[in-house]
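Structure assessment
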Amino acid sequence: DQVASTRRPEMAVLKTDGSLYVDKAGDRWLNPYSEEAWEYLVSISKEVVEAGFDEINYDYLRTSASSLASADFGDIPEGMTRIDAFIEFVKYACQEIKPMGAFVSGDVFGTIINSNADGQAIGQNYVELSRYLDYICPMIYPSHYSSGYGGLKYPDTKPYQLILMEMKSSVKKLATIPE
């Protein structure tokens with residue numbers, strides 16, 4: 001949220017010098033550990049549901065993919081990872097929004113379906129987020145996959161095969177969650 005992170009820096013990821021963290025793309029990020037940021041996002045979501053929308057979709061449900069070496073997330077509860085923070089946010093949002101009769105969905109990078117390293121880097125866990133969301137939307141960008149991934153020499157030249165392979169992996173992963 002480029003506006004809220006600027007106007008309400010107490011809800012944003014800061015740099016270790018106290019200024020706003022800005023990634024290499026020029027983006028600012030709300031702090032996934034900030035319960036105040038969670039409440040802000042959920043309050044907007046509730047207004048949208050009250051206005052008649054039947055689904056809330058959280059896009060960019062992650063941290064920056066840029067280096068976070070200069071990032072300061074403030075007081076982090078002991079042992080809580082960024083993945084944990086996003087899962088807790090999703091649980092909170094679902095508890096608040098679903099009783100209003102709306103669905104809650106989230107967009108994640110498709111690479112996290114099979115890559116724990118990618119998930120750790122941006123704060124996403126495919127299966128754990130799926131436990132709470134009504135819908136999970138893996139964004140499978142063929143250009144995000146490295147040469148040789150899944151036996152495909154150049155995955156971005158085989159988008160159908162890549163997406164089919166990832167969707168089959170998704171079905172397998174999500175089958176571990178009891179209905």
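Scroll up to find the structure.
Cut-offs used in this document
Residues numbered from 1 in each chain as written. Predicted model: local features only at pLDDT ≥ 70, side-chain atom pairs only at ≥ 80, totals over all residues. Heavy atoms only, no water. Core = buried A, V, L, I, M, F, W, Y, C linked by side-chain atoms within 4.5 Å. Buried < 20%, exposed > 50% of the residue type's maximum accessible area, 1.4 Å probe, protein only. Helix = DSSP H or I, 4+ residues; strand = E, 2+ residues; numbered from the N terminus. Contact = heavy atoms within 4.5 Å. Pairing = 2+ DSSP bridges. Axes fitted to C-alpha atoms, helices over the stretch in contact; angles between N-to-C directions. Left-handed = near helix turned anticlockwise from the far one by under 90°. Nonpolar A, V, L, I, M, F, W, Y, C, P; charged D, E, K, R; others polar.

Our next topic: the nonpolar core. With 26 residues, the main nonpolar core has Tyr 58, Leu 61, Phe 89, Val 90, Ile 97 and Leu 129 as its most contacted residues. Broken down by element, the residue count for this core peaks at 8 residues, all from helix 3 (residues 82-97). If sequence neighbours within four positions are ignored, Leu 61 has contacts with Phe 86, Phe 89, Val 90, Gly 106, Asp 107, Gln 124 and Leu 129. The next biggest cluster of nonpolar side chains, apart from the first, holds 8 residues, and it includes Val 13, Trp 29, Phe 73 and Ala 85.

Both faces of the sheet carry side chains from a regular strand, because those side chains alternate between them. The buried fraction of strand 4 (residues 103-109) is high, at 6 of 7 residues. Two strands pair when backbone bridges link them, and strand 2 (residues 55-58) and strand 4 are joined in this way by 4 bridges, in the parallel orientation. Counted as the bridge partner of Asn 57 is Ser 105 from strand 4. Note that strand 4 and strand 5 (residues 135-139) share 5 bridges and pair parallel. Looking at strand 5, one finds that Val 108 is bridged to Pro 138.

Positive phi values are uncommon outside glycine, yet Tyr 60 reaches one of about 55°. For Tyr 60, a relative accessible area of 46% puts it in the partly exposed group.

What follows covers the packing of helix 2 (residues 35-50) against helix 3. Two numbers describe a pair of packed helices, the interaxial angle and the distance between the axes. One can describe the packing of helix 2 onto helix 3 by two numbers: an axis separation of 10 Å at closest approach and a directional angle of 35°. Our pair here, helix 2 against helix 3, has a crossing hand that is right-handed. Contacts between helix 2 and helix 3 involve Trp 38, Glu 39, Leu 41, Val 42, Ser 45, Lys 46 and Val 49 from the former and Ala 85, Glu 88, Phe 89, Tyr 92, Ala 93, Glu 96 and Ile 97 from the latter. A class-by-class count of the residues in the contact of helix 2 with helix 3 yields 9 nonpolar, 1 polar and 4 charged.

Read these as spatial facts, not as claims about activity.
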